[in-house]
Amino acid sequence: MRFELTRPPHLRPARSVTRVMGEVLLALVPATIAWVWFFGPGILYNMAVATLVAVACEAGALRLRDRALHPHLADLSAVVTAVLLAFCLPPLTPWWITATGAAFAILFAKQLYGGLGYNPFNPAMAGYVVLLISFPEQLTRWPWPQAGLGEITPVALGAWETLRFTLTGALPAGVSWDALSGATPLDDLRTRLSLAATVEQVRAGPLYGLVGGRGWEWIALWTGVGGLYLLWRRVIRWQIPLAVIAGLCLPATLAWLLAPATFPPPTFHLFSGAALLCAFFIATDPVSAATSPAGRLVYGFGIGALIFIIRSWGGYPDGVAFAVLLLNMAVPAIDHFTRPRTYGHAG
Amino acid sequence: MIAAVAVIAGIALLFGLALGFAAVRFRTEGDPVVDRIDALLPQTQCGQCSFAGCRPYAEAIAAGTADINRCPPGGEATIRALADLLERDPKPLDPESGEIKPRTVAVIDEPLCIGCTLCIQACPVDAILGAGKQMHTVIASECTGCELCVAPCPVDCIAMVEEPVTLKTWKWPRPAEPLAAERR
Amino acid sequence: MKQPGLWRFHGGLKLDARTARATGDQIGTIPVPPQLVLPLSQHVGQPAEPIVVPGERVLCGQPIARPSGYVGAKVHASSSGTVVEIANHPVPHPSGLAAPCIVIETDGLDERWTGYEPLSDYAALTGPELRARVRAAGVVGLGGAAFPTAVKLGAGSGLKLLILNGAECEPYICCDELLLRERAAEVLAGAQILLQALAIPRCVIAIENDKPLALEALELAIARAADPRLEVVSVPAVYPEGGERQLIKVLTGEEVPARGLPPDIGYLCHNVGTAAAVARAVLQGEPLISRIVTVTGDGVAGPRNVDVRLGTPISALVQACGGYTGEAAHLLMGGAMMGFPLADDSLPVIKGTNCIVVASREEIRPRAPVMPCIRCGECAEVCPAQLLPQQLYWHARSDDLEPLDDYHLFDCIECGCCDLACPSQIPLTQYFRYAKTELWARQHDRVRSDLARERFEARRDRLEAEQAARKQRLEEKARAADEARGDEQARKAMIDAALERVQARRDAGASGPPGKDE
Ligand code: SF4
Ligand code: SF4
Ligand code: SF4
Ligand code: SF4
């Protein structure tokens, strides 16, 4: 009797790229819900636009490069890039901005380098940075969080009005940006600190919650829960998240202890802005991260420390995207110097 | 903005320098370049590269008068190794020199051999044993497969045969599964 | 059971053992088949040389081929009959190639050859004598690697610990588990012989903690043997625990140096099945003519372990286990991780055959497209050799093989963990095997080309020397001729001078005062 030859090892593998990416998307669900709760449905529209454009660009680029469509679209990596990009954009973003970011991320930051696995930079962050530089005003206009702001009653757009804004970029008649939006807590803090307020005074304001920005802290919390889920499912390993958090919190704690009036506590850093999103979802993008365990610690710590530096002294309120892109550049060097010791080899 | 670009460029440069430093720091100095080129050539001494043997070809490469893709017995691996050594781009074998063939050894059909010694004179590595008017034979382990002995034989008794693959010489094939990334 | 502090090795995978269905029954036996095919190369090292000729009648256990080098092993007839042919036949090997085999037509009498004497008391034998008996019996490592046992016994002195490897970690394989359950005393006897042969003070038998029955049987046997040198340790079941290097790390915390062997750090590792074979060889004078094979998988009706004569075709083995089910689709030799697929069931069982899996389509890996490496590092997380498979792959894929040595390719034990963990379904292990054999071949070519260069240069020098010598000879001849000519001239000059003088005198005589000279 003759038999068909197969490929060893013969067990069924438990993982696939599609599953890894699918789990990442799943882990983002609680944070998305929190986001909608505090900032309205805008993020959902942004996700839809970004995903559509990202997948279309991916398909187009694969066509041009004469590659098979199915396995690459089914791996969901373009969707993850799109969703992460949407997480960084303000809920009220006109579609063409989102689309530009997604297209840049997929076409320039990913496919031009050879597609999945070959991109040296995190595509979502590359797309975001391009938007931040091209549309600085639109990207820093955040609506007030919609829950429990006390004395000021926020003006909020409903689902339809948000959709209309996303599609046309026009606010409903009689609603002005001033009434609708403010700054993000990180932005607000840095502006007012530069006007000689103390951290304590600033944090007494309505934008701030228990530990971080109002609303933001809950989003961060649910992002962290999603991150723990990924850790539990072994989709990501502990080194990068821990190192990012350590890299951010160690200098933050030190600075806060030395000058509590000008530096917010580390918990504030963690629970405002995209710090935890970065720790669990962005910095852990395998393709552009360092690959050895020790290298990942260095890489994560570098990102965390850079976030702190940019937030404290840099020109942008949140430094996640720049920190990640800078460390992406350092990856070949980090990998070179952190090769693990092989079994049976000294040192 | 400009400051940011400058910082990014600076950091990129720094890491580039670090890698470059590592490359220089751990480089090993070695033999003169002709020797190192010669060490990569298969030493078949067949002359298909249009030189009188591997060493002259190595000298020509070192002098820059010959390209690195002229050695058929060495095949892809040799071209690639030469490209690495000389920091050039590998290129396909020059079809003028010949084509890549599996390695062979010469076998003399001994009853036919008339003992003319012409093949002995042709063999660059003294792989043929025999004396005038005596039957000749090839020492298979020394034969490089250069085929130089085939033409001089007046009775055509030398054949080139492929070396059979045994359990010892068998090589795992390169995985053939097409990458999904490759052509549709 | 003593439970000392155990260490752990890096990476590895917790795998479903899939042994339950084959461990229900006792070890079975099967009838001697009408024809036995015994490859001359069933072990690591040089193929054996036949010492019988076609037409010769052989007895069961009679040596039919002898080792042709130091690293080699004898082959014995596994039943009585007539040698019908010594020729190339397909052998179980990943290459699917044919190799020289001795084919025996059995006569059903199973008549014993009695060349090796049984020996109940080996206490008087020295190490070399014991080793000679092991060598004569053709014993090789039965864990799958088939390295000649006697060669391993010749390595090193002053060893501190003998490790018997009963950590069968690969899915499907359970022949050692059954061996320990049923023949623990034989394993211990083998251990004692090995201890004596190399004067090792202590022996640890490692067994995975998911085999309680085997552990129980072994503890009972140790209690009976009342030998304080023997001890059993239960180790956690993680693949590839049964790898020699990994097991040593787990038991001792030490690492075998790269390119070194366990005796370099004072350990000797043998499979439990090998120990049993050593006991049989020394005590009963029985050469290695059979082994226990696990026959399992969805494609076989009655999965079980069978003690089978070497050279038996796999088809007969499966027949004895109830035959194929309708689901039989793939045939593997070895376990699910390091085993390799076979194309045909007419291949014989050889010394290294520990397991035959007849798999259904559902139980093994489906064909999936290979995706690009996403550098997730999972492969490095699970690699027990602490390599960076993604880097190895990067270079191997672009056929840039030279840097692989630098990334320690040759420390890869080909366990397949990285392959199984890879979300992109990249055939990493095969890339590494390819790269290794390719690099070895290049190394071999380099040796050959160095030899060719040497011979070429020697010939060139010789020709030059011959030429120079010829030239010199010619020159000498010319010079000699010159000299000869020179002499002539000198003589001529002398004569001329003399003539001149005479002439001058004559002239002077004619004009000057005569009588001056007179
Ligand atoms: S073609 Fe290659 S093998 Fe032949 S002489 Fe030239 S370098 Fe040597
Ligand atoms: S025997 Fe013939 S083919 Fe072989 S090396 Fe000599 S000349 Fe070349
Ligand atoms: S597991 Fe596969 S995809 Fe991940 S780094 Fe290793 S080779 Fe690449
Ligand atoms: S096959 Fe080699 S590289 Fe892969 S996990 Fe095993 S030892 Fe590591």
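A quick note: this is a predicted structure, and the numbers were derived from the prediction, not measured.

Rules used in this analysis
- Residues numbered from 1 in each chain as written.
- Chains lettered and ligands numbered in written order.
- Predicted model: local features only at pLDDT ≥ 70, side-chain atom pairs only at ≥ 80, totals over all residues.
- Heavy atoms only, no water.
- Helix = DSSP H or I, 4+ residues; strand = E, 2+ residues; numbered from the N terminus.
- Rg over C-alpha atoms; globule rule 2.2 N^0.38 Å.
- Buried < 20%, exposed > 50% of the residue type's maximum accessible area, 1.4 Å probe, protein only.
- Contact = heavy atoms within 4.5 Å.
- Areas by Shrake-Rupley, 256 points an atom, 1.4 Å probe, with all protein chains shown as cover.
- Lys, Arg positive; Asp, Glu negative; His and termini not counted.
- Charge placed at Lys NZ, Arg CZ, Asp CG, Glu CD.
- Pairing = 2+ DSSP bridges.
- Core = buried A, V, L, I, M, F, W, Y, C linked by side-chain atoms within 4.5 Å.
- Domains from an automatic or database assignment.
- Patch = residues over 30% accessible without salt bridge, like charges linked within 9 Å, V, L, I, M, F, W, Y side chains within 5 Å.
- Salt bridge = Lys/Arg side-chain N within 4 Å of Asp/Glu carboxyl O.
- Near = heavy atom within 4 Å.
- Nonpolar A, V, L, I, M, F, W, Y, C, P; charged D, E, K, R; others polar.
- Buried area = accessible area lost by both parts, 1.4 Å probe.
- Axes fitted to C-alpha atoms, helices over the stretch in contact; angles between N-to-C directions.
- Polar contact = N/O pair within 3.5 Å; in protein donor to acceptor, adjacent residues only side chain to side chain.

Asker: Mind laying out the overall build of chain A, listing which residues take part and the relevant values?
Answerer: Counting its regular elements, chain A contains 18 helices and two strands. Against the compact-globule benchmark of 20 Å for 347 residues, chain A has a radius of gyration of 21 Å, which places it among compact chains. For chain A, the spread of C-alpha atoms along the three principal axes comes to 80 × 50 × 30 Å. Expressed as a percentage of the 347 residues in chain A, the buried residues total 57%. In chain A, 75% of the contacts between residues at least 6 apart in sequence involve partners at least 24 apart. Only carbon and sulfur atoms are counted for the fraction: they give 70% of the accessible area of chain A, which is about 13800 Å². Of the charged side chains in chain A, 22 are positive and 16 negative, and the gap between their average positions amounts to 13 Å.

Asker: An account of the pairing of strand β1 (residues 104–108) of chain B is requested, with residue identities and associated values reported.
Answerer: All names here are of chain B. With four of five residues buried, β1 is to be regarded as a mostly interior element. Bridge count for β1 against strand β4 (residues 158–162) is five bridges, and the pairing is antiparallel. Residue pairing in the sheet places Val107 in a bridge with Ala159 of β4.

Asker: Would you mind going over the nonpolar core in detail, with residue names and values included?
Answerer: Residues and elements named next belong to chain C. Within the largest apolar cluster, 104 residues are counted, with the highest numbers of intra-cluster contacts made by Ile64, Ile104, Leu164 and Leu317. In terms of residue count, the dominant contributor to this core is helix α3 (residues 175–198) (14 residues). Among the domains, domain 1 (28–356) and domain 2 (370–505) are the pair contributing at least three residues each to this core. Among all residues touching Ile104, those that are not within four sequence positions of it are Pro34, Gln35, Leu36, Leu38, Val58, Ile64, Ala77, Gly81, Thr82 and Val83.

Asker: Give a description of a nonpolar patch on the surface that names residues and reports values.
Answerer: Residues and elements named next belong to chain A. Together, Leu107, Phe108, Leu112 and Tyr113 make up an exposed nonpolar region whose accessible area comes to about 410 Å². Residue position: Leu107 is located in helix α6 (residues 95–108). Overall, the relative accessible area of 31% leaves Leu107 in the partly exposed class.

Asker: Lay out the pattern of salt bridges in plain terms, naming residues and giving numbers.
Answerer: Where side chains of opposite charge bring their charged atoms close, a pairing between them can arise. This model, assessed by the stated rule, comprises 52 salt bridges over all chains. A salt bridge links Asp419 of chain C to Arg7 of chain A, with the nearest nitrogen and oxygen atoms 2.6 Å apart. Taken together, the residues Asp419 of chain C in helix α10 (residues 417–421) and Arg7 of chain A in the segment before α1 (17–27) connect one chain to another. The same class applies to Asp419 of chain C and to Arg7 of chain A, which are both buried. For Arg459 of chain C, the salt bridge goes to Asp126 of chain B, with nearest N and O atoms at 3.4 Å. Of this pair, Arg459 of chain C sits in helix α11 (residues 428–511) while Asp126 of chain B is found in the loop between α5 (118–122) and β2 (128–129), placing the two residues in two different chains.

Asker: Residue-level account of the site of ligand 1, with values.
Answerer: Ligand 1 sits among 13 residues. The nearest are Cys46, Gly47, Cys49, Cys54 and Cys71 of chain B. The residue inventory of the shell around ligand 1, partitioned by class, reads eight nonpolar, five polar and no charged.

Asker: An account of the domain arrangement of chain A is needed here, citing residue identities and associated values.
Answerer: Residue and element names in this part refer to chain A. Taken domain by domain, chain A consists of domain 1 (16–182) and domain 2 (216–338). Measuring from the centre of the C-alpha atoms in domain 1 to the corresponding centre in domain 2 gives 21 Å. Each side of the interface is counted separately: domain 1 has 31 residues, and domain 2 has 24 residues. Across the interface of domain 1 and domain 2, roughly 2400 Å² is buried in total on both sides, 81% from carbon and sulfur atoms. When the buried surface of domain 1 facing domain 2 is broken down by residue, Glu23, Asn122 and Met125 rank first, second and third, together holding 20% of it.

Asker: Tell me about the site of ligand 4, residues and numbers included.
Answerer: All names here are of chain C. Within the structure, ligand 4 sits among 14 residues, and Cys383, Cys412, Cys415, Gly416 and Cys418 are positioned closest to it. At the level of elements, α10 and α11 are the ones that each hand at least two residues to the shell around ligand 4. Looking at the shell around ligand 4, its residues break down into eleven nonpolar, two polar and one charged.

Asker: How would you sum up the sheet that holds strand β7 (residues 81–90) of chain C? Please name residues and give values.
Answerer: Spatially, the four strands line up as an open sheet ordered β2-β8-β7-β4 (chain C), and their pairing is antiparallel. Here the strands that pair on one side only, and so sit at the sheet edges, are β2 (35–39) and β4 (57–58) of chain C.

Asker: Please provide a residue-by-residue account of the pairing of strand β14 (residues 304–309) of chain C, values included.
Answerer: Residue and element names in this part refer to chain C. Among the six residues that make up β14, five are buried, leaving the element largely enclosed by the rest of the structure. Pairing analysis gives two bridges linking strand β1 (residues 28–29) to β14, with the strands arranged parallel. Opposite Gly28, over in β14, you have Val306 as the bridge partner. Bridge count between strand β13 (residues 290–296) and β14: six bridges; the pairing is antiparallel. The residue of β14 that forms the bridge with Val293 is Val306.

Asker: Account for the sheet that holds β14 of chain C, with residues named and values stated.
Answerer: Residue and element names in this part refer to chain C. Pairing is mixed in the open sheet, where six strands are placed in the order β1-β14-β13-β17-β15-β16. Strands at the two margins of the open sheet, each flanked by one partner only, are β1 and β16 (340–342). Pairing of strand β15 (residues 330–333) with β16 involves three bridges; the strand directions are antiparallel. Paired with Met333 across the bridge in β16 is Phe340. Sheet strands touched by α3: β13 and β14. Its angle to β13, the strand with the most contacts, is close to 120 degrees.

Asker: Go over unusual backbone geometry with me, naming the residues and quoting the values.
Answerer: Here the residue pair Pro8 of chain A and Pro9 of chain A is connected by a cis peptide bond, since its omega of -10 degrees sits within 30 degrees of zero. With omega at -5 degrees, the peptide bond leading from Tyr239 of chain C into Pro240 of chain C counts as cis. Despite not being glycine, Asp66 of chain A has its phi angle at roughly 60 degrees, a positive value. With respect to the element layout, Asp66 of chain A can be found in the loop between α3 (42–64) and α4 (70–74). Here Asp66 of chain A falls in the partly exposed class, since its relative accessible area comes to 26%. Unusually for a residue other than glycine, Gln45 of chain B sits at a positive phi of about 60 degrees. Turning to its location among the elements, Gln45 of chain B is positioned in the loop between α2 (33–40) and α3 (54–63). You can call Gln45 of chain B buried: its relative accessible area is 4%.

Asker: Report on the side chain of Glu208 of chain C, specifying residues and quantitative values.
Answerer: All names here are of chain C. Along the chain, Glu208 turns up in strand β10 (residues 203–208). The exposure class assigned to Glu208 is buried, which follows from its relative accessible area of 2%. Polar contacts involving the side chain of Glu208 include one to the side chain of Lys211, which spans 3.1 Å. Apart from the residues lying within four places of it in its own chain, the contact partners of Glu208 are Gly166, Ala167, Glu168, Cys169, Val235, Pro236, Ala237, Val238 and Glu241.

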